[in-house]
Amino acid sequence: SSSSLTMGATSEDEGSTGDALDIVLYLFVLGPAVEWCLKSPRVNRGRPGSWRGVSLAVLLLALVAAGKMAWESGTREPNHFETLGVRVDAGTAEIKRAYKTESLKYHPDKTDDPAAPAIFMRMQRAYETLKDPSSRDAYNRFGGKSGDDESGGMTGAAMFYAIWLVLGYLLTMGRASEDARTWAFSGLLALAVVEYQTRVLKYDYLAMVLPHTTVHEKLELLHRLFPPFLHGSRMISQVVFRDIGVYNKMLVEQMHVKVDELGKLAYATQREIAKQGIARPSGVAAPLAAAADGFAKLGGEKAADAAVGAAAPSVARASSGAAVAGAGAESAADQEAAAKQAAAREAAAREAA
């Protein structure tokens with residue numbers, strides 16, 4: 001009929017408008033907000049991508065998704081179960097009693113309410129669909145106007161997973177989004193398992209939470225949750241990503257800089273010791289001298305002279321300390337040799353006596 005065609009066109013226009021609003025919301029409002037949560041020094045205390053920032057970003061995404069679901073649930077038309085005021089697991093007898101009770105309230109001959117005829121016609125359509133167990137079950141699982149859209153429901157579900165499988169892969173390309181790809185595909189797989197068990201195996205996990213909402217509507221709400229989940233996963237993954245190869249390269253470069261500085265200091269120490277007239281070190285200090293020689297061959301005189309100027313005070317103190325230690329060692333050795341000579345003379349005198 002013309003009214004049903006008008007309703008269908010209106011619902012399609014509303015769906016297109018909703019998708020456009022979703023794109024604007026995720027790209028231009030939610031995206032910058034989540035990026036601020038993950039990179040703000042005030043939130044992350046100087047460490048971008050900290051758990052505090054990630055938690056705040058996840059909370060923001062959850063609040064937006066919950067608000068969006070509540071808004072869509074409040075603006076959609078009531079389903080046949082809600083029209084008659086029965087649960088989705090109600091039997092034929094309960095549905096019949098509810099129809100008789102509610103239809104009497106809105107019968108055109110029983111009330112003068114101008115909206116009563118439209119409500120009464122909607123109740124008649126609901127009862128025609130729900131009175132038969134097979135059409136009621138099909139309507140609950142696959143939606144449609146009268147429960148005869150089983151093939152359309154399965155086709156729509158297959159299209160949803162095919163589209164988001166491709167989009168998820170394209171949006172998570174690159175090494176920085178590898179974690180996001182894992183999270184997104186895991187979420188999509190979990191959603192597919194839940195949908196298979198709910199639509200095909202008839203396990204309604206949310207029946208206690210949403211007793212008047214059809215399985216088809218519950219799954220549509222879960223479908224609506226996947227885009228913000230993918231979007232949030234992508235942004236969080238890019239912020240917390242750390243390239244191990246680049247990180248290791250930075251560590252190696254820092255190690256090379258420190259080795260160069262150590263070589264310069266060793267060469268400066270060797271030259272200062274030579275100026276003080278101290279003998280070349282041996283034993284434990286020999287490797288240091290060898291390193292200084294190697295650096296002198298590779299580094300050149302200019303870099304070594306600059307290092308000498310920077311390290312001259314500390315080297316002078318070290319060389320003076322080494323000279324004092326050497327003098328003390330020589331005096332101790334002389335005293336020990338004199339004591340041995342005195343003991344030998346006393347022994348020779350005793351033998352002569």
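Caption draft 1: Up close: the overall build of the protein chain. A count of helices and strands for the protein chain gives 13 helices and 0 strands. Starting at the N terminus, the α and β elements of the protein chain follow one another as α-α-α-α-α-α-α-α-α-α-α-α-α. Looking at the 353 residues of the protein chain, the share that counts as buried comes to 28%. Here the contacts in the protein chain between residues at least 6 apart in sequence split such that 65% fall between residues at least 24 apart. Of the roughly 22300 Å² of accessible surface on the protein chain, 63% is carried by carbon and sulfur atoms.

Caption draft 2: Up close: the nonpolar core. In terms of nonpolar packing, the biggest core is built from 14 residues, with F81, L84, V86, I95, Y99, M123 and L130 touching the most fellow members. Listing elements by their share of this core, those giving two or more residues are α4 (80–84), α5 (92–105) and α6 (116–130). For this core, the element with the most residues is α6, which contributes 5 residues. Every residue in contact with V86, bar those within four places of it in the chain, is listed here: F81, E94, I95, A98 and H212. Counting residues in each nonpolar core, the second largest holds 10 residues, with L30, V34, C37 and V54 among its members.

Caption draft 3: Here's a closer look at the packing of helix α3 (residues 51–75) against helix α10 (residues 215–240). Interhelical geometry of α3 versus α10 gives an angle of 165° and a closest axis separation of 10 Å. Between α3 and α10, the crossing angle belongs to the class labelled roughly antiparallel. Here α3 runs over α10; the crossing is right-handed. Residues V54, V58, L61, A65, K68, M69, E72 and S73 of α3 lie in contact with α10, whose contacting residues are L221, R224, L225, P228, G232, I236 and V240. A per-class count over the contact of α3 with α10 returns 10 nonpolar, 2 polar and 3 charged.

Caption draft 4: Structural view of the pattern of salt bridges. All chains considered together, the criterion is met by 7 salt bridges. When salt bridges with common partners are traced through the structure, they connect D137, R141 and K202 into a single cluster.

Caption draft 5: Focus on a nonpolar patch on the surface. On the surface, M154, V194, Y196, V200, L201, Y203, Y205, L206, M208, V209 and L210 cluster together to form a nonpolar patch covering roughly 1100 Å² of accessible area. The element contributing the most residues to the nonpolar patch is helix α9 (residues 178–200), with 3 residues. Within the secondary structure, Y203 is located in the loop between α9 and α10.

Caption draft 6: Quick look at the packing of aromatic side chains. What the rule picks out here adds up to 6 aromatic pairs. Judged by centre distance (4.3 Å) and plane angle (10°), the rings of Y99 and Y127 are stacked. Here Y99, found in helix α5, pairs with Y127, found in helix α6; they are 28 residues apart in sequence, far enough to count as distant. The buried category is assigned to Y99, whose relative accessible area is 15%. Judged by relative accessible area, which is 16%, Y127 ranks as buried.

Caption draft 7: Main features of the side chain of E195. Relative to the helices and strands, E195 is located in helix α9. Within the local environment of E195, its side chain forms a polar contact with the side chain of Y161, the two groups lying 2.5 Å apart. For E195, the residues in contact, after removing those within four places along its chain, are A157, Y161, V200, L219 and H223.

Caption draft 8: Up close: the confidence of the model for the protein chain. On average, the protein chain scores 76 in pLDDT, and the residues at 70 or more come to 71%. Low pLDDT (under 50) marks residues 1–16, which in the prediction has 2 contacts with non-local residues, meaning those over four places away or in another chain. Considering only residues more than four positions removed or in separate chains, one finds that residues 300–329, a stretch of pLDDT under 50, has 21 contacts.

Caption draft 9: Expanded view of the environment of L167. Structurally, the position occupied by L167 is in helix α8 (residues 150–171). Using a relative accessible area of 33% as the deciding quantity, one classes L167 as partly exposed.

Caption draft 10: Highlighting the side chain of S237. Position of S237 relative to the elements: it lies in helix α10. Judged by relative accessible area, which is 0%, S237 ranks as buried. Once residues lying within four places of it in the same chain are set aside, the contact partners of S237 are A176, S177, E178, D179, A180 and W183.

Caption draft 11: Representation of α6. When the terminal C-alpha atoms of α6 are compared, their 21 Å separation across 15 residues agrees well with the 21 Å that a helix rising 1.5 Å per residue should span. Elements that come into contact with the buried residues of α6 comprise α4, α5 and α7 (133–142).

The rules behind each value
Residues numbered from 1 in each chain as written. Predicted model: local features only at pLDDT ≥ 70, side-chain atom pairs only at ≥ 80, totals over all residues. Heavy atoms only, no water. Helix = DSSP H or I, 4+ residues; strand = E, 2+ residues; numbered from the N terminus. Buried < 20%, exposed > 50% of the residue type's maximum accessible area, 1.4 Å probe, protein only. Contact = heavy atoms within 4.5 Å. Areas by Shrake-Rupley, 256 points an atom, 1.4 Å probe, with all protein chains shown as cover. Core = buried A, V, L, I, M, F, W, Y, C linked by side-chain atoms within 4.5 Å. Axes fitted to C-alpha atoms, helices over the stretch in contact; angles between N-to-C directions. Parallel < 35°, antiparallel > 145°, perpendicular 65-115°, else oblique. Left-handed = near helix turned anticlockwise from the far one by under 90°. Nonpolar A, V, L, I, M, F, W, Y, C, P; charged D, E, K, R; others polar. Salt bridge = Lys/Arg side-chain N within 4 Å of Asp/Glu carboxyl O. Patch = residues over 30% accessible without salt bridge, like charges linked within 9 Å, V, L, I, M, F, W, Y side chains within 5 Å. Phe/Tyr/Trp six-rings, centres within 6.5 Å; stacked < 30°, edge-to-face > 60°. Polar contact = N/O pair within 3.5 Å; in protein donor to acceptor, adjacent residues only side chain to side chain. pLDDT = per-residue confidence, 0-100. Expected span 1.5 Å × (residues − 1).

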